[in-house]
Amino acid sequence: QVQLVESGGGLVQAGGSLRLSCVASGRTRSAMAWFRRAPGKDHEFVAAISWSAGLTRYADSVKGRFTISNDNARNTVYLQMNSLQPEDTAVYYCAARIARTGVLPPRARNDYDFWGQGTQVTVSS
């Protein structure tokens, strides 16, 4: 089992920044990711990182604005979000994968085994 606890969400004006954190405990993870779900929409991939190598991948919609990183000593993955826009408003979920990955971390929702409870991010215009 893996337990994931997210924090850092909130309300911010367009153009502002937030940093989300996700503390993981339990089994070793091969990759971790952030997904988001806006009202009335499906889960959307945001960013992922391979736990050991630190390789990353991003959705096109956030590339250049968001940065995913991890701190192995703290078992924490971060999502630094800059230049936030109203369309970034969503509940953001942290996810962990146990099975081995390829060179890059996966981006499909079904490739992740454990999920956090989510943290709300609201961007006002």
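Everything quoted here is computed from the prediction, not taken from an experiment.

A.B. asks: It is not clear to me how a nonpolar patch on the surface should be interpreted in this structure. Could you clarify?
C.D. replies: Taken together, the side chains of Leu55, Val103 and Leu104 present a nonpolar region at the surface, about 270 Å² in accessible area. Secondary-structure assignment places Val103 in the loop between β9 (90-97) and β10 (114-115).

A.B. asks: Any chance you could explain the sheet that holds strand β7 (residues 66-71) here in plain terms?
C.D. replies: Strand pairing in a sheet is mediated by backbone hydrogen bonds. Such pairs are either parallel or antiparallel. What the four strands build is an open sheet, ordered β1-β3-β8-β7; its pairing is antiparallel. The open sheet has two free edges, formed respectively by β1 (2-7) and β7, since each of these has just one partner strand. Adjacent strand axes in the sheet meet at a mean angle of 15 degrees when their direction is disregarded. One ladder, built from six bridges, connects strand β3 (residues 18-26) with strand β8 (residues 76-81); its direction is antiparallel. Residue pairing across strands places Leu20 opposite Leu79, the latter belonging to β8.

What counts as what
- Residues numbered from 1 in each chain as written.
- Predicted model: local features only at pLDDT ≥ 70, side-chain atom pairs only at ≥ 80, totals over all residues.
- Heavy atoms only, no water.
- Patch = residues over 30% accessible without salt bridge, like charges linked within 9 Å, V, L, I, M, F, W, Y side chains within 5 Å.
- Areas by Shrake-Rupley, 256 points an atom, 1.4 Å probe, with all protein chains shown as cover.
- Salt bridge = Lys/Arg side-chain N within 4 Å of Asp/Glu carboxyl O.
- Helix = DSSP H or I, 4+ residues; strand = E, 2+ residues; numbered from the N terminus.
- Pairing = 2+ DSSP bridges.
- Axes fitted to C-alpha atoms, helices over the stretch in contact; angles between N-to-C directions.

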